[in-house]
Amino acid sequence: MSTDETSGPWVPPPWEPPIDGTEAEHLTGALGRMRATLRWKADGLDEAGLRHRLPSSALSLGGLLLHLAMAEDYYLTTKLRGEELVEPWRSLGHDGTDEWEFTTEQLGAAETYAVFDEAIVRNTARIEVALAEGGLDLLAHVDDGNGNHPRLRRLLVDLLEEYSRHTGHADLLREAVDGRVGEDPPEDWRPAWL
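Residues numbered from 1 in each chain as written. Predicted model: local features only at pLDDT ≥ 70, side-chain atom pairs only at ≥ 80, totals over all residues. Heavy atoms only, no water.

S.K.: Any details on the nonpolar core? Residues and values, ideally.
M.R.: With 45 residues, the main nonpolar core has L50, L80, W89, F116 and Y163 as its most contacted residues. Sort the elements by how many residues they give to this core and helix α3 (residues 61-81) lands first, with 11 residues. Excluding anything up to four places from it in sequence, L80 contacts Y75, A130, L138, L139, A140, H141, L152 and L155. (Core = buried A, V, L, I, M, F, W, Y, C linked by side-chain atoms within 4.5 Å. Buried < 20%, exposed > 50% of the residue type's maximum accessible area, 1.4 Å probe, protein only. Helix = DSSP H or I, 4+ residues; strand = E, 2+ residues; numbered from the N terminus. Contact = heavy atoms within 4.5 Å.)

S.K.: Please give an account of the side chain of E72 that cites residues and values.
M.R.: With respect to the secondary-structure elements, E72 resides in helix α3. In this structure the side chain of E72 is engaged in a polar contact, spanning 2.7 Å, whose partner is the side chain of R35. Those residues in contact with E72 that lie beyond four places of it in its chain are L31, R35, A119, I120, N123, L159 and Y163. (Polar contact = N/O pair within 3.5 Å; in protein donor to acceptor, adjacent residues only side chain to side chain.)

S.K.: Could you give an account of helix α6 (residues 152-178), with specific residues and numbers?
M.R.: For α6, which comprises 27 residues, the first-to-last C-alpha distance of 38 Å matches the rise-based estimate of 39 Å (1.5 Å per residue) to within 8%. Two residues or fewer after α6 comes G179, characterised by a positive phi angle close to 85°. (Expected span 1.5 Å × (residues − 1).)

S.K.: Report on the side chain of E101, specifying residues and quantitative values.
M.R.: Secondary-structure assignment places E101 in helix α4 (residues 100-103). One buried charged residue, E101, forms no salt bridge at all, with the nearest opposite charge on R165 at 10.0 Å. Here the side chain of E101 touches H67 through a polar contact of 2.7 Å, side chain to side chain. The residues contacting E101, other than those within four sequence positions of it, are G63, L66, H67 and M70. (Lys, Arg positive; Asp, Glu negative; His and termini not counted. Salt bridge = Lys/Arg side-chain N within 4 Å of Asp/Glu carboxyl O.)

S.K.: Which residues make up the packing of helix α1 (residues 23-42) against α3, and what values do they have?
M.R.: Their axes nearest at 9 Å, the elements α1 and α3 cross at an angle of 155°. The orientation of α1 with respect to α3, classified from their angle, is roughly antiparallel. In this structure, α1 meets α3 at a crossing whose hand is left-handed. Here L31, R35, L38, R39, K41 and A42 of α1 come into contact with α3, specifically with L61, L65, L68 and E72. Across the contact of α1 with α3, the residue classes tally to six nonpolar, no polar and four charged. (Axes fitted to C-alpha atoms, helices over the stretch in contact; angles between N-to-C directions. Parallel < 35°, antiparallel > 145°, perpendicular 65-115°, else oblique. Left-handed = near helix turned anticlockwise from the far one by under 90°. Nonpolar A, V, L, I, M, F, W, Y, C, P; charged D, E, K, R; others polar.)

Below, the structure written as structure tokens:
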């Protein structure tokens, strides 16, 4: 991150969170990095690669992409706004059961990637609207049953936790598919939404 005389200043990749930013920039930047890392872990596979499972688990890279796309929609529509989670999930065959996304195999690779990428675009816009509306202190619709409502800040932290957990799963799954390992995407790689 320093400057040296031969290479010039370091230019971070577009998913790198800011070094010196606001709390909202740090949270959304960290979420952006986790989104990009997970997408890169799953990138470039066919249906068989996206559906590959380890013998001890029902998880697959395609299932993780669908799960996290649905989690983003759930957190930023149902929990934040109190809206029913409907589209695109109903059209994709979601039957309302938990973990449908881990067991469905009806989507091809291109459709699975598109569902994830479109969810990122959709939910980035939702986050921007929510931040403009009330900042990180915007009250969410959902409560704990005792009338206590989380703030947008808490929902973003929860999404980060969800991505962090599943990005670790994606590490193992991708290595099992074709041996790809690594912490970060290469600097010349770009997700569809950037």
